[in-house]
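Here are the chains, one letter per residue:
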Amino acid sequence: MGNIDSNAVAQFILFMVALVFSLSVHESAHAWMSNRFGDDLARLQGRISLNPAVHVDPIGTLLFPAIMFFTGAPLIGWAKPTPVNPLKWRNKRVANFWVSAAGIICNFIIAIVAGIVIRVLYSTGLITENLVPANTDSMIAVGAVQLLKVFFTLNVALGVFNLIPIPPLDGSKILASILPPSFESGLDALERFGPILLFVAVFAGLLNPIFRIVMPLARALIFLGVS
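The notes below deal with the structure included here. Residue positions are given per chain, counting from 1 as you read along its sequence in written order. Since the coordinates come from a predicted model, pLDDT governs what is reported: local features require at least 70, and pairs of side-chain atoms require 80 or more to be given and counted, while whole-chain, interface and lining totals use all residues. Side-chain numbers here rest on the full set of heavy atoms in the structure, without hydrogens or water.

A short note on the side chain of aspartate 170
Next up, step 1: Helix and strand assignments come from DSSP, with helices taken as H or I runs of at least 4 residues and strands as E runs of at least 2, each series counted from the N terminus. Tracing the backbone shows aspartate 170 in helix H6 (residues 170-178).
Next up, step 2: Although aspartate 170 is buried, it makes no salt bridge; lysine 173 carries the closest opposite charge, 4.8 Å away.
Next up, step 3: When residues no more than four places from it in sequence are discounted, the contact partners of aspartate 170 are His26, His30, Ser100, Ile104 and Asn162. A 1.4 Å probe rolled over the protein chains alone gives each residue an accessible area, and that area as a share of the maximum for its type sets the label: buried under 20%, exposed over 50%, partly exposed in between. Neither His nor the chain termini are counted; the positive set is Lys and Arg, and the negative set is Asp and Glu. Each reported salt bridge corresponds to a side-chain nitrogen of Lys or Arg within 4 Å of a carboxyl oxygen of Asp or Glu. Only heavy atoms matter for contacts: two residues are in contact if any of them lie within 4.5 Å across the pair.

Re a nonpolar patch on the surface
Next up, step 1: Each patch groups residues whose relative accessible area exceeds 30% and which form no salt bridge, using 9 Å between like charges and 5 Å between nonpolar side chains of Val, Leu, Ile, Met, Phe, Trp and Tyr. Only the protein chains shown count as cover for residues, and the accessible areas themselves come from Shrake-Rupley with a 1.4 Å probe. Together, Val94, Trp98, Ile105, Ile109, Val113 and Val117 make up an exposed nonpolar region whose accessible area comes to about 470 Å².
Next up, step 2: Its place among the elements puts valine 113 in helix H4 (residues 92-123).

Remarks on the packing of aromatic side chains
For any pair of aromatic rings, the description consists of the separation of the ring centres together with the inter-plane angle of the planes.
Next up, step 1: Only Phe, Tyr and Trp rings take part, Trp by its six-membered ring, and two of them pair if their centres are within 6.5 Å. Stacked means planes under 30 degrees apart, edge-to-face means over 60, and tilted covers everything else. Within the structure shown, the criterion is met by nine aromatic pairs.
Next up, step 2: A ring pair is formed by phenylalanine 97 and tryptophan 98, whose centres lie 5.0 Å apart and whose planes are at 85 degrees; its orientation type is edge-to-face.
Next up, step 3: On the basis of relative accessible area, phenylalanine 97 is assigned to the partly exposed category, the value being 25%.
Next up, step 4: Three or more aromatic residues joined by ring pairs form one cluster here, namely Phe12, Phe15, Phe69 and Phe70.

What to know about the nonpolar core
Next up, step 1: The set of buried Ala, Val, Leu, Ile, Met, Phe, Trp, Tyr and Cys residues whose side-chain atoms join them within 4.5 Å is what this entry labels a nonpolar core. In terms of nonpolar packing, the biggest core is built from 29 residues, with Phe15, Ile118, Phe152 and Leu154 touching the most fellow members.
Next up, step 2: Counting only elements with at least two residues in this core, the list comes to helix H1 (2-36), H4, helix H5 (139-163) and helix H8 (208-222).
Next up, step 3: Sorting elements by how many residues they give to this core places H5 first, with nine residues.
Next up, step 4: Beyond its immediate chain neighbours, meaning those up to four positions away, isoleucine 118 contacts Ile127, Leu131, Leu148, Lys149, Phe152, Ile222 and Phe223.
Next up, step 5: In terms of nonpolar packing, the next biggest core, distinct from the first, is built from nine residues, Phe161, Ile166, Leu169 and Ala201 among them.

Focus on the pattern of salt bridges
Next up, step 1: Taken as a whole, this structure holds two salt bridges when the rule is applied.
Next up, step 2: The residue aspartate 40 makes a salt bridge to arginine 43 at a minimum N-O spacing of 3.8 Å.
Next up, step 3: We classify arginine 43 as partly exposed; its relative accessible area is 40%.
Next up, step 4: A salt bridge links aspartate 40 to lysine 88; the nearest nitrogen and oxygen atoms lie 3.1 Å apart. Pair noted here: aspartate 40 is in the loop between H1 and helix H2 (41-44) and lysine 88 is in the loop between helix H3 (58-71) and H4, with a separation of 48 residues, a long-range link.
Next up, step 5: A relative accessible area of 41% means that lysine 88 is categorised as partly exposed.
Next up, step 6: Each member of the salt-bridge network shares a partner with another, and the members are Asp40, Arg43 and Lys88.

Digging into the side chain of serine 172
Next up, step 1: Tracing the chain through its elements places serine 172 in helix H6.
Next up, step 2: Residue serine 172 is classed as buried on the basis of its relative accessible area of 8%.
Next up, step 3: At a separation of 2.7 Å, a polar atom in the side chain of serine 172 contacts the main-chain carbonyl oxygen of leucine 169.
Next up, step 4: The contact partners of serine 172, leaving out residues within four places of it in the chain, are Ile164, Pro165, Ile166 and Pro167. Counted as a polar contact is a pair of N or O atoms within 3.5 Å, where, for protein atoms, one must be capable of donating a hydrogen and the other of accepting one, and residues adjacent in sequence contribute only when both atoms are in side chains.

Points about the packing of H4 against H5
Next up, step 1: Packing of H4 against H5 brings their axes to within 8 Å, and their N-to-C directions diverge by 150 degrees. In terms of orientation, H4 and H5 fall into the roughly antiparallel class. Two packed elements cross with a definite hand, and for H4 against H5 that hand is left-handed. From H4, Ile104, Asn107, Phe108, Ile110, Ala111, Ala114, Gly115, Val117, Ile118 and Leu121 reach across to H5, where they touch Leu148, Lys149, Phe151, Phe152, Asn155, Val156, Leu158, Gly159, Val160, Asn162 and Leu163.
Next up, step 2: Residue type decides the class: Asp, Glu, Lys and Arg count as charged, Ala, Val, Leu, Ile, Met, Phe, Trp, Tyr, Cys and Pro as nonpolar, and the leftover types, Gly among them, as polar. Looking at the contact of H4 with H5, its residues break down into 15 nonpolar, five polar and one charged. In this description, a line fitted to the C-alpha atoms serves as the axis of each element, helices being fitted only across the stretch in contact, and the angle between N-to-C directions of two axes falls anywhere from 0 to 180 degrees. Every angle not falling under 35 degrees, over 145, or within 65 to 115 is termed oblique; those three ranges are roughly parallel, roughly antiparallel and roughly perpendicular. Crossings are assigned a handedness: left-handed for a near helix turned anticlockwise from the far helix by less than a right angle, right-handed for a clockwise turn.

In structure tokens, the structure reads:
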């Protein structure tokens, strides 16, 4: 029993390290991109930073993910939202698209880098296709490979999840920047009920089919061409 508990704690630590870093990159990317388009609000609040202290939300980044990890409950995690002032943006629709997409792009970049490292380690025989170190029982090696795996799967999941066009997810803002202005009234109505719809979708498992397709596909891309 003690071994099971210690393994769970170790897995949780790796998960939280990857989650906090990935969310910090995500929010920092929003802040950086908004500053590029003329809005310095987030920059002046110190949000263009990988320092977790400026991005961590005690409930969304720490408590909810902990409950989700140890109970399997379908909860949603989040960081402190990046403050933006659209009135300062140059070319508002273009800015809205890129500011909203910046975090998602960074999550996919992290996933791609982790995936490339995993593929290189596999190709050189240092890890197996099951993503465990080959020819060593070193806890450091096992932990490092597991951390790579978490970075890959977590950032694929974060990127895909945030692409869903339901407020307050980034996908809804990306959609708003693409659709004609005539759709704004409908999008405003969705904005009011979006959080409720999102929680219902998560708790009802309506999003599960998306990840049942995406995650095996992402893993298959790592080992593409491997016989």
